[in-house]
Number of protein chains: 2
Amino acid sequence: MEENRKVPAVVIKRLPRYYRYLGELLKQDIKRISSGALSQKMNVTASQIRQDFNYFGGFGQQGYGYNVEYLYNEIGKILGLNDGDTMIIVGAGNLGRALASHSNFEKRGFKLVGVFDNNENIIGSTINGVKVMDIRNLEEFLADNRVDIAILTTPKRAVQEVAERLVKGGVMGLLNFSYAELSLPHGVAVENVHISDPMMTLSYKIKQAREGHSV
Amino acid sequence: MEENRKVPAVVIKRLPRYYRYLGELLKQDIKRISSGALSQKMNVTASQIRQDFNYFGGFGQQGYGYNVEYLYNEIGKILGLNDGDTMIIVGAGNLGRALASHSNFEKRGFKLVGVFDNNENIIGSTINGVKVMDIRNLEEFLADNRVDIAILTTPKRAVQEVAERLVKGGVMGLLNFSYAELSLPHGVAVENVHISDPMMTLSYKIKQAREGHSV
DNA sequence: AATATTATGTTATAATATTAACAAAAACAA
DNA sequence: TTGTTTTTGTTAATATTATAACATAATATT
């Protein structure tokens, strides 16, 4: 029932996975689940599940388990989903366009309100119902529209400058897909996604398997 | 100099980041670096860097530090990069096409040898110099070509079946971008990439910042 | 050549994270 | 009901990970 311990980052990182699994259970119309049953499905220990949830006070009931819908919603609240956070995508290349069409963001409660690029040939076109705007009009847009999150899919050389402009314009969080690592004022939330990292990890695992080690 | 301790997964996960940073240093023609200097750039402790490298025997010299190129190459070897691993992409939707055009994979030594889809309109077209093939010909292709890694960007409903066919065809590692989590025989290396997970983590951080907690 | 400095590899210590244990509470069964 | 089973929240024990400390060796300096 203790609520004020600082929640370790490693616990926070696990919440999205819990959330996804619980969403699946919901779809299957499963009303309740025990930590033991969930642990089997998710391949973690029941103890860890209970411990994790307990950082937030615990959401279950002895002898019963957890109400799936309630738990799902509570984790969503912890993560700040469905708060109506808005996002823009900066960089309408292959990856930017793919992400713009990615319906999962909407499913998690994030609303795409703009896409920006500097390529004349792309500016003015529409992706997933959203107009691609000129990056030169970024400041104007940010002044008129609240933007919570920006997804960065620009080339490496552009990303630091763009990030600074976004922060200056009031954007609170950046999801950085570019290769460069950003240095920004304290207080700006940044998550880096380097898609070749898991590829390299995979390469290591394969090598291990080839050499007869367990994977 | 100890080499046979089991290397913790958390250390392996850090290697790609070291590798990327060292690649940057190389480009800047920096020949040597100390754990202290590297730790500042990467925002980790020097102790951790030395400890991490020591799992593999250590690559430095007392009083000198690390030779950047040597260290870069050694980490590459540990990760099994530039071993000529081949890869295919299954699912030529927005994300699959974006990944096919993603030059970083090649930079890390992975060679794209095929793209598969089931959409008649896409089959036969070319992405990044590689022909999109009919998924029905997957087995035939795998019989004729060694494929080490498959990137999965199919819709969720298709991914488990495709994964099984790939494994049967001899593919050793899967990089799964689809929402579903795969259950596969022991010994198959799998890395899951759920791009909405870091988005949710970011949402949490923003919420914390709004509530006045440090990020 | 002698000394001071640098910086590793490695061991020791501290901090975190995971798992196990279990009392208390609710659900279920007889 | 009453007793038995289930299953949580929570504390205790263990294991893992990160940091600090330092002896040793190479480099740099005088």
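Here is what the cut-offs are and how they apply
Residues numbered from 1 in each chain as written. Chains lettered and ligands numbered in written order. Predicted model: local features only at pLDDT ≥ 70, side-chain atom pairs only at ≥ 80, totals over all residues. Heavy atoms only, no water. Least-squares fit on C-alpha atoms with pLDDT ≥ 70 in both. Helix = DSSP H or I, 4+ residues; strand = E, 2+ residues; numbered from the N terminus. 1 Å grid on protein atoms, 1.4 Å probe; cavity = no way out; pocket = protein on both sides within 12 Å on 5 of 7 lines; lining within 4 Å. Points joined across faces, edges and corners; volume = space filled by probe spheres on them. Nonpolar A, V, L, I, M, F, W, Y, C, P; charged D, E, K, R; others polar. Buried < 20%, exposed > 50% of the residue type's maximum accessible area, 1.4 Å probe, protein only. Pairing = 2+ DSSP bridges.

**Quick word on the relation of the copies chain A and chain B**
Overlay of chain A on chain B (RMSD 0.0 Å): rotation 180°, translation along the axis 0.0 Å. The superposition of one copy onto the other is thereby described by a two-fold rotation axis.

**Brief notes about the environment of glutamate 74 of chain A**
Along the chain, glutamate 74 of chain A falls in helix α4 (residues 68-79). Residues glutamate 74 of chain A and glutamate 106 of chain A, 32 residues apart in the sequence, show an inter-C-alpha distance of 19 Å.

**Describing empty space enclosed by the protein**
Scanning all chains against the criterion turns up 2 cavities of 30 Å³ or more. By volume, the largest cavity is sized at about 50 Å³. Those elements giving two or more residues to the lining of the largest cavity turn out to be α5 (94-100) and α6 (103-107) of chain B. Taken together, the residues of the lining of the largest cavity sort by class into 6 nonpolar, 2 polar and 1 charged. As a volume, the second largest cavity reaches approximately 30 Å³. Lining the second largest cavity are Met87, Leu99, Ala100, His102, Phe105, Glu106, Leu112 and Asn128 of chain A. For the lining of the second largest cavity, the secondary-structure elements that each account for two or more residues are α5 (94-100) and α6 (103-107) of chain A. For the lining of the second largest cavity, the per-class residue count stands at 5 nonpolar, 2 polar and 1 charged.

**Description of the pairing of strand β3 (residues 86-90) of chain B**
Residues and elements named next belong to chain B. Buried residues dominate β3, accounting for 5 of its 5 residues. Side-chain alternation along β3 places Thr86, Ile88 and Val90 on one buried face and Met87 and Ile89 on a second face that is also buried. As defined by bridge partners, β3 adjoins strand β4 (residues 111-117) across 5 bridges and the pair is classed as parallel. Looking across to β4, one finds that threonine 86 is bridged to lysine 111. Bridge analysis of β3 against strand β7 (residues 149-152) gives 4 bridges, and the strand direction is parallel. Along β7, the bridge assignment pairs valine 90 with leucine 152.

Interpretation note: all reported values are geometric properties and have no functional meaning in isolation.
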